[in-house]
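# A structural walkthrough
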Amino acid sequence: MPMASEFELLGRVTIGQYLPTGSLVHSLDPRAKLLVVLLLIIVVIVSNSLIGLSLLLLAVLAGLAVARIPLRFALAGLRPMLPFLILLALLQVFAIPQYSIGATVIWHRGILTITDRSLLAGILLIARFSIMALGLSLFSFSTTTTELTHGIEHLVRPLQTLRLPAHEFALVVNIAIRFLPILAEETERLMKAQASRGADFGRGRRNFVQRTRLLLPLLVPLFLVSLRRADQLIEAMEARCYLGGKGRTHLIRLQERLPDYVVVAGALGLATGAIYLSRVNADRLLWSWLSSHL
Amino acid sequence: MDGAEEPLIRIEGLHYTYQAGTHRAVPALCGIDLTIHAGEYVALLGANGSGKSTLLRHLNALLLPTAGNVWIAGWNTRDATHLRNVRTTVGMVFQVPDSQIVATVVEEDVAFGPENLGIPEDELRQRVDWALSTVRLSELQHRASHLLSAGQKQRLAIAGALAMHPRCLLLDEATAMLDPVGRRQLLETVGHLHQDGMTVVAATHNMAEAALTQRIIVLSEGQLALQGEPRAIFSQIETLRALHLDVPHPTLLARELSARVDGFPADLLTIGELADAVATYLGEPAGAAI
């Protein structure tokens, strides 16, 4: 029934595309995995060293192998971004004037110029995005939504002592995730109701803008429904004595174990290494060593 | 504490007006006096807009009276220092199954109430396990809450209230959105809880459900219209019709039969009673047909 699937939004809501292989990576504490992912993102942005980024890429690939996640699964998330990525990389290579001032020209034809610096910037951009995408895939394939919320809640809890609204943040994340299936269901209901009265949600050949415009009539009712749902949820929370995060206890307690410490320590080491390689300009050193010895 | 003397719920001169003090003021409750004792099973009937939900929301301080007072186990609901006491004494189950579930996992949703109370970890776990087994959802404790059926979600809501160890449960049309099986299982659960001493106040449009209770309170336009045992209330068919309410089908049938057959009882409430009466009338010993 291809017709029915047009409205089945619930099936498409996949935050966390969990792939239960039962590996070591899956059994890690979600806090450890969150920390490592956070660290990975920071280092990938900060480090300018191709050698450092290659090390990170190897580490992420090793993680995928240990987690027994097929590479084509992990790459699937990268595919929709690929056109944008290539466009951005081309812009870096050809269109940023700063990269051509005082740099060695490698290739030149008409108005197009490639310098060593611009080429490096393009390669770095693709490397950064690929590592991040693979790392996030590794995380989301090996962590359930529940583990994710537990992890966030436990990680931010210490911030409460700094008088930051840590509990509120965790609750907002939790309720947002809780509301996704509800809103998907409501949207499905609204779409069916409107379609039964002749609304067309853009089957056939329409471009992205046209299809988006067709969804506009859904927005206002969906907004109203969300507000009503939120009202009801607040009432239910108050009826169960919710008076803010003060003095709350917790049913779930995450228990960190030795592998969690090992993984976080390893990630810290790797991160320091990648940043150090970038600081000492390791790429240039390697390049000059190679060109003088070969 | 003189808890033995004090009724569980005492309402005196309760008035409530939505948007009070503005030009859009809507009076919802106009002078309610009511006492409900511990262990009672009470049904709250009334047409849409008669004030059932508004009254229930006063019983756990979700709403505070515009005038008059509500005491729960001796605590005035206006007294903010006893807010937690009031809300743990009286648990509430709402009409819409989905929007009263806070957590994404069944057992964590049950824990939400006691977590708010600051119950220590060991006892928390005990309370959650007990509440889930009471509503017979123990096997589903690690399930994602949005994957439950509507009936299971309502029983989860009951478990969430039970985990706070309340003395009274309020059901605000809790069966309205359930299919027959879900409704029957929910009513069974509530029936067991009542047998174990729980006070239950249930707003409902379902007359068969109201016939199961010990006392019926009928609201009309924010005032108490009728009050009494189900048998006494449902005998006043014309009065109920004037209040836009129905009577249970067995009662209607019994009344039709008694108008045509001499000596057939008119004041029957349930299918069981009706079957017994018919069997007696046909001259067979009651229960022999089973």
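Residues numbered from 1 in each chain as written. Chains lettered and ligands numbered in written order. Predicted model: local features only at pLDDT ≥ 70, side-chain atom pairs only at ≥ 80, totals over all residues. Heavy atoms only, no water.

### Here's the deal with the pattern of salt bridges
Residues and elements named next belong to chain B.
- One pass over the structure, following the stated rule, counts 25 salt bridges over all chains.
- The residue Arg 184 makes a salt bridge to Glu 188 at a minimum N-O spacing of 3.8 Å. In this pair, Arg 184 and Glu 188 are both assigned in helix H6 (residues 180-195), four residues apart and thus about one turn of the helix distant.
- Taking relative accessible area as the criterion, Arg 184 reaches 49% and is therefore assigned partly exposed.
- Overall, Glu 188 belongs to the partly exposed group, its relative accessible area being 35%. (Salt bridge = Lys/Arg side-chain N within 4 Å of Asp/Glu carboxyl O. Helix = DSSP H or I, 4+ residues; strand = E, 2+ residues; numbered from the N terminus. Buried < 20%, exposed > 50% of the residue type's maximum accessible area, 1.4 Å probe, protein only.)

### Some thoughts on the packing of helix H2 (residues 30-46) of chain A against helix H11 (residues 258-279) of chain A
Residue and element names in this part refer to chain A.
- Across the interface, H2 lies against H11 with an axial gap of 10 Å and an inter-helix angle of 5°. Classified by the angle between their axes, H2 and H11 sit roughly parallel to one another. On the side of H2, the interface is formed by Ala 32, Val 36, Leu 39, Val 43 and Val 46, while H11 contributes Asp 260, Val 263, Val 264, Ala 267, Leu 268, Ala 271, Ala 274, Ile 275 and Ser 278.
- Tallied by class, the residues present in the contact of H2 with H11 amount to 12 nonpolar, one polar and one charged. (Axes fitted to C-alpha atoms, helices over the stretch in contact; angles between N-to-C directions. Parallel < 35°, antiparallel > 145°, perpendicular 65-115°, else oblique. Contact = heavy atoms within 4.5 Å. Nonpolar A, V, L, I, M, F, W, Y, C, P; charged D, E, K, R; others polar.)

### Considerations on the nonpolar core
- Membership of the largest hydrophobic core comes to 35 residues, with the highest contact counts inside it found for Val110(B), Leu132(B), Leu156(B), Ile158(B), Leu162(B) and Leu171(B).
- The element best represented in this core is helix H5 (residues 150-162) of chain B, accounting for six residues.
- Excluding its chain neighbours within four sequence positions, the residues that come into contact with Val110(B) are Arg240(A), Val128(B), Ala131(B), Leu132(B), Leu156(B), Ala159(B), Gly160(B) and Ala163(B).
- Grouped together as the second largest cluster of nonpolar side chains are 33 residues, Ala236(A), Ile9(B), Leu63(B) and Leu170(B) included. (Core = buried A, V, L, I, M, F, W, Y, C linked by side-chain atoms within 4.5 Å.)

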